[in-house]
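Structural characterization, general
Below are the chains, spelled out letter by letter.
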Number of protein chains: 2
Amino acid sequence: MNYPFASRTQSFESSAVRDILKVTQQAHVISFAGGLPAEDIFPVEAVRTAYDKVFSSGNNALQYGLTEGFIPLREMIQTKMERKGITSSPENILVTTGSQQVIDLFSRIMLSEGDVVLTEDPTYLSALQVFHSYGAEVIAVHSDQEGMDPEDLRVKLEQYQPKFVYVIPTFSNPDGKVWSAERRQHLLDLCYQYNILILEDDPYGDIQFHDDEYYQPLASLDEQRTHVVYTSTFSKSVVPALRTGWVTGPIEIIQMMAKAKQMNDLHSSSLDQQALYYLLRDFDLDSHIQTIRREYYLRMTIMRDYLAKLGTDLFKCAEPKGGMFMWVEANEEINTTALLHQAVEKGVAFVPGAPFYVGQPKYNTFRLNFSHSSPERIQEGMDRLVSVLLKPAHSK
Amino acid sequence: MNYPFASRTQSFESSAVRDILKVTQQAHVISFAGGLPAEDIFPVEAVRTAYDKVFSSGNNALQYGLTEGFIPLREMIQTKMERKGITSSPENILVTTGSQQVIDLFSRIMLSEGDVVLTEDPTYLSALQVFHSYGAEVIAVHSDQEGMDPEDLRVKLEQYQPKFVYVIPTFSNPDGKVWSAERRQHLLDLCYQYNILILEDDPYGDIQFHDDEYYQPLASLDEQRTHVVYTSTFSKSVVPALRTGWVTGPIEIIQMMAKAKQMNDLHSSSLDQQALYYLLRDFDLDSHIQTIRREYYLRMTIMRDYLAKLGTDLFKCAEPKGGMFMWVEANEEINTTALLHQAVEKGVAFVPGAPFYVGQPKYNTFRLNFSHSSPERIQEGMDRLVSVLLKPAHSK
């Protein structure tokens, strides 16, 4: 039977890159591809204890929950938001299945066929796929290490009147950059001027390497809480398996997203939400995040030093100030998309840069994840990677 | 700010009924409204043990998982499906956040603006909302206690060429009915003839009161597995808080739904999926389901007998052979929508029948859930309910 799929599925096609990366889960492949946290420092016993508390709290814990999320968890999130300077209340917080679901639900309530979304370039691949699946046109704003180019942003806001601007201002995926304070304020000012919403995606904000710097979320600058919808997740700072993220923003938007979520899945796992509540209440998450920061910083430096040794005529990268990714621009002769297959055969995986671009891709870029592999595996993986990338016969 | 929501949100409006039912969670209200399982028989200790096994299985258990779901759980589901006569394999099973997500993802890959979906009448309210949210037109097929009217079905398949037919053939929501074997086969034959897909929603199939009857899932009749997409959930037979459902169907459809799910939320909680795997492996779920059946049957009979005592000129209902709901047609003078507010004030909640209708609603119908309240609370709740419904001043 030829199934009569909806036309929107034409944008669903799996990329060649994703197909290759599917085979990278074998143990012999050292993967710098996925955005996976370090398993060896997961707080397993603390999570176990938290679940035990859920099961001891009464049978009602196993019943259906609210679409909006477990109220005591939303109160914990409110406190967490306050520490970042973001005013919220349990009423304008919606708990979701990771922040991926926030991107999807927000798109679902905002985007009609032909609407425009402005993004950085490069930006998060799976967000692009969501925007396209709702028939939106994605327009890239010229971006550098400081954020979006102010003039190009102004021109495109004026020209396209987008539904929203999607940004990852702190330790971006894929390129690990941090927006400057000026560019943050500038984006917000322009969005006030043109009355455009911002979706601020902040999954990595907690994983900051240097204590002496402070990166202010856009949502904290949006004092009236009218223009910024902010999302983050516990996947990176606690554990991914819980699949618990959240969104906070203007109450009308959060309520509309809750209606969409009710149709989508009624509510996210309430066992996970309750366990997370006990974990946030009783476990020293701040110390744990310090451990993550130290460990990821160490792993990042191994990768950074390895590349630096080879010289900037071969590999250029800005040192990430946090997060999980290093973005590398190789010598122009090197086509990373073409070389992925050989790298996987050699037992190392990465993500070529091209699919992250909205505009003209740079085929000599690639993304490396430094959080998942142990220092020894990073060293070994970089040996394998460089042996493939620098093999003259395989260059473009 | 006036937020520029997508036009699809115009179908999202919360119903007056839902707004009233939101206040029914206070302890003094006896609620026959929601579709909640009985908390007092939740297998809490077995669930706790299952989670313990997850945490003892290694840190990798807390890492990101596959979009399609935890493979050993999918193998368990395959075995469960085989016992119902449904052929499947882990490759054409997708694990979801409840079967609500299946309805949503299937609609997302199938429905374009203006497409038609055929349904029973009355049918599951939240499915109707999903279909409408994708711009579909929902057309009701005349239905009686045996299922859809064969001639009306044929005419409407011919006339509308729907994208799919949505049915709950076993212990339907809201009206608790079971389709006859003839009507099942007839629906399938017609869908083969017109080449139309069927979405078979089977959340209640396990909760069967009488051992001597067998209700064959449509998917088991679809021997080539080409036309029926089958969904069920562990929410009713294990616990709702896990939010774990699944779908099985033609591989092309399952793969397309997996792509949609990847954009929607990457994957459902993998802790829950792993715990469910251990639970299915080590816990006697069959005995537990027997306990549920006995207990729900007892509760149903209390409600049934209460209504029968009042006479069929006041309340008519067919005795449910399973599931969680009793559907009552009251004397025509009684408008259940109008009386809901007063019932809630009296400390009892139900769902008026009108919102479940696609075509002309019967305002004298209502749905009662018999699974959630204890026998004593059912008795007390029925006293309250009848005192409101039979108060002459409050009838229509």
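Reading the values: the criteria
Residues numbered from 1 in each chain as written. Chains lettered and ligands numbered in written order. Predicted model: local features only at pLDDT ≥ 70, side-chain atom pairs only at ≥ 80, totals over all residues. Heavy atoms only, no water. UniProt positions renumbered as here; feature names shortened; annotations may be inferred. Domains from an automatic or database assignment. Contact = heavy atoms within 4.5 Å. Buried area = accessible area lost by both parts, 1.4 Å probe. Salt bridge = Lys/Arg side-chain N within 4 Å of Asp/Glu carboxyl O. Polar contact = N/O pair within 3.5 Å; in protein donor to acceptor, adjacent residues only side chain to side chain. Helix = DSSP H or I, 4+ residues; strand = E, 2+ residues; numbered from the N terminus. Nonpolar A, V, L, I, M, F, W, Y, C, P; charged D, E, K, R; others polar. Phe/Tyr/Trp six-rings, centres within 6.5 Å; stacked < 30°, edge-to-face > 60°. Buried < 20%, exposed > 50% of the residue type's maximum accessible area, 1.4 Å probe, protein only. Expected span 1.5 Å × (residues − 1). Arc of directions from axis to C-beta. Least-squares fit on C-alpha atoms with pLDDT ≥ 70 in both. Core = buried A, V, L, I, M, F, W, Y, C linked by side-chain atoms within 4.5 Å.

An unreviewed UniProt entry lists chain A under the name PLP-dependent aminotransferase family protein, from Neobacillus citreus. Check the Sequence similarities (unreviewed entry) section of the UniProt entry for chain A; it says "Belongs to the class-I pyridoxal-phosphate-dependent aminotransferase family." According to UniProt, the comment filed for chain A under the heading Cofactor (unreviewed entry) is "pyridoxal 5'-phosphate".

Further remarks concern the domain arrangement of chain A. All names here are of chain A. What the domain assignment reports for chain A is domain 1 (10-42 + 287-391) and domain 2 (61-282). Domain 1 and domain 2 are separated by 25 Å when their C-alpha centres are compared. Domain 1 puts 30 residues into the contact, and the matching count from domain 2 is 36 residues. With both sides pooled, the region where domain 1 packs onto domain 2 buries about 2,700 Å², and carbon together with sulfur makes up 65% of that total. Our count for the domain 1 to domain 2 interface comes out at two salt bridges. Where Arg293 meets Asp211, a salt bridge forms, and the shortest distance between an N and an O atom there is 3.8 Å. Along the contact surface separating domain 1 from domain 2 lie eight residue pairs in polar contact (both at pLDDT 80 or more). Among the elements of the structure, helix 11 (285-310) and strand 12 (325-330) are those that each provide at least two residues to the side of domain 1 that touches domain 2. Examining the composition of the side of domain 1 that touches domain 2, we find that eight residues originate from one element, helix 11, more than from any other. Looking at the side of domain 1 that touches domain 2 residue by residue, the classes come out as 18 nonpolar, seven polar and five charged.

Quick look at the packing of aromatic side chains now. For any pair of aromatic rings, the description consists of the separation of the ring centres together with the inter-plane angle of the planes. Residue and element names in this part refer to chain A. On inspection of all chains with the given rule, the structure shows 34 aromatic pairs over all chains. Taking the centre distance of 5.4 Å and the plane angle of 65° together, the rings of Phe209 and Tyr297 count as edge-to-face. With Phe209 in the loop between strand 8 (197-201) and helix 8 (218-221) and Tyr297 in helix 11, this pair connects stretches of sequence that are 88 residues apart. Since its relative accessible area comes to 11%, Phe209 is described here as buried.

Turning our eyes to something else, we now look at the interface of chain A and chain B. Contacts between the two partners involve 79 residues from chain A and, on the opposite side, 79 residues from chain B. When the two sides are added together, the surface that chain A and chain B hide from each other amounts to roughly 7,000 Å², 58% of it contributed by carbon and sulfur. Joining chain A to chain B, the criterion identifies four salt bridges. The interface formed by chain A and chain B includes 45 residue pairs in polar contact (both at pLDDT 80 or more). Every element with two or more residues in the side of chain A that touches chain B is listed here: helix 2 (44-56), helix 4 (98-110), helix 5 (125-133), helix 9 (251-265) and helix 10 (270-282) of chain A. The element best represented in the side of chain A that touches chain B is helix 9 of chain A, accounting for nine residues. Split by residue class, the side of chain A that touches chain B holds 35 nonpolar, 27 polar and 17 charged.

According to UniProt, the positions carrying the feature "domain: Aminotransferase class I/classII large" (unreviewed entry) are residues 35-385 of chain A. The span residues 35-385 of chain A shows a helical share of 43% and a strand share of 15%, and its end C-alpha atoms are spaced 18 Å apart.

All names here are of chain A. Its 13 residues give helix 3 (residues 71-83) an end-to-end C-alpha distance of 19 Å, which sits within 8% of 18 Å, the value for a rise of 1.5 Å per residue. Within helix 3, burial applies to Leu73, Arg74, Ile77, Gln78, Lys80 and Met81. Burial along helix 3 is one-sided: seen end-on, the buried residues are contained in an arc of 165°. Among the residues trailing helix 3, Gly85 stands out with phi positive, at a value near 80°.

This part is about the relation of the copies chain A and chain B. Structural alignment of chain A on chain B gives an RMSD of 0.0 Å, achieved by rotating through 180° and translating 0.0 Å along the axis. Here the transformation between the copies is reduced to the relation of a two-fold axis. Measuring from the rotation axis to each C-alpha of chain A, the shortest distance belongs to Ser269 of chain A, at 3.5 Å. Both copies share a contact surface, since 99% of the interface residues of chain A are interface residues in chain B too.

This paragraph deals with the side chain of Arg108 of chain B. Tracing the backbone through its elements, the reader meets Arg108 of chain B in helix 4 (residues 98-110). Taking relative accessible area as the criterion, Arg108 of chain B reaches 0% and is therefore assigned buried. Residues contacting Arg108 of chain B, with those up to four places away along its chain left out, are Ala6, Arg8, Phe12, Asp104, Ser133 and Tyr134 of chain A together with Tyr134, Ala260, Met263 and Asn264 of chain B.

Attention shifts here to the nonpolar core. Core analysis: the biggest nonpolar cluster contains 104 residues, and Tyr51 and Leu62 of chain A together with Tyr51 and Leu62 of chain B have the highest contact counts within it. With residues near it in sequence (within four places) discarded, Leu62 of chain B still touches Phe42, Val44, Val47, Val239, Pro240 and Ala241 of chain A together with Phe55 and Leu271 of chain B. Counting 66 residues, the second-largest nonpolar core is a separate cluster that includes Leu105 and Ile253 of chain A together with Met110 and Val130 of chain B.

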